[in-house]
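Here is how the chains run, residue by residue.
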Amino acid sequence: QVQLVESGGGLVQAGGTLRLSCAASGSIFDIRYMAWYRQTPGNQREFVAQIYRNDSTQYVDSVKGRFSISRDSQKNTIHLRMNSLKPADTGVYYCNAYVLRPASDRYLSYWGQGTQVTVSS
């Protein structure tokens, strides 16, 4: 089993800051990367940010300079610090991990349940 648990969502005014966290646990041999996606009702899930095992990062253009993804040094836990939040950032934020399980020879994608972020104007 592999579990991803998100936390840190909430309601914040435009211009404010939130810090999301995601902890991965279970039968994990290796994680190639972990990432954040977000989704609103009726829309497709959108990539937000990604961090690789070597701490290399990627961001969608709309959050560059405002969001920062990071990884804990000794645990399979990542964070997303979201500064200067806008109403357009509102949505359910999902944690994603590309995981190699013991005795397997290929990576699979796993998802958390999501955490709600609401930005008021």
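Details of the structure are given in the entry above.
Residue positions are given per chain, counted from 1 along the sequence in the order it is written. In keeping with the predicted nature of the model, local features appear solely for residues at pLDDT of at least 70, side-chain atom pairs appear and are counted solely at 80 or more, and the whole-chain, interface and lining totals rest on all residues. Computation of side-chain values: all heavy atoms of the structure, hydrogens and water removed.

**Q** Just to check I follow, could you spell out the overall build of the protein chain for this structure?
**A** What the protein chain contains, in helices and strands, is 0 helices and 11 strands. Secondary structure follows DSSP: runs of H or I at least 4 residues long count as helices, runs of E at least 2 residues long count as strands, and numbering of each begins at the N terminus. Tracing the protein chain from N to C terminus, the helices and strands come up as β-β-β-β-β-β-β-β-β-β-β. We compute the radius of gyration from the C-alpha atoms alone; for a globule the expected value is 2.2 Å times N to the 0.38, where N is the number of residues. The C-alpha atoms of the protein chain give 14 Å as radius of gyration, which agrees with the globular expectation for 121 residues (14 Å, within 12%). Summarising its shape, the C-alpha atoms of the protein chain cover approximately 50 × 30 × 20 Å along the three principal directions. Burial classification: accessible surface area is computed with a 1.4 Å probe over protein chains only, and a residue below 20% of its type maximum counts as buried, one above 50% as exposed, and the rest as partly exposed. Classification of the 121 residues of the protein chain by burial places 40% in the buried group.

**Q** For this particular structure, what's the right way to read the environment of S120?
**A** Its location among the elements puts S120 in strand β11 (residues 115–120). Taking relative accessible area as the criterion, S120 reaches 26% and is therefore assigned partly exposed. Any two residues whose heavy atoms approach within 4.5 Å are treated as being in contact. For S120, the residues in contact, after removing those within four places along its chain, are L11, V12, Q13 and A14.

**Q** What is the right way to look at the nonpolar core in this model?
**A** Nonpolar side chains in soluble globular proteins tend to end up buried together. Of all hydrophobic cores here, the largest spans 29 residues; its most connected members are M34, W36, L80, M82 and Y93. Among the secondary structure elements, those contributing two or more residues to this core are β1 (2–7), β3 (18–26), β4 (30–39), β5 (46–52), β7 (67–71), β8 (77–82), β9 (91–100) and β11. Setting aside chain neighbours within four positions, we find M82 in contact with G16, T17, L18, L20, R66, F67, Y93 and V117. Residues belong to one nonpolar core when they are buried, are Ala, Val, Leu, Ile, Met, Phe, Trp, Tyr or Cys, and are joined through side-chain atoms within 4.5 Å.

**Q** Just to check I follow, could you spell out the environment of R71 for this structure?
**A** Examined against the element boundaries, R71 turns out to sit in strand β7. On the accessibility criterion, R71 (32% relative accessible area) is partly exposed. Sequence spacing of R71 and Q1 is 70 residues, and the spatial spacing of their C-alpha atoms is 22 Å. Setting aside anything within four residues of it in sequence, one finds R71 in contact with I51, Y52, R53, D55, T77 and I78. Whenever a nitrogen or oxygen atom comes within 3.5 Å of another N or O atom, the pair is scored as a polar contact, on the condition that within protein one atom can donate a hydrogen and the other can accept it, and that pairs from neighbouring residues in sequence are kept only if both atoms are in side chains. Separated by 3.3 Å, the side chain of R71 and the backbone oxygen of R53 make a polar contact. Here D55 takes part through its side chain, which lies 3.1 Å from a polar atom of the side chain of R71.

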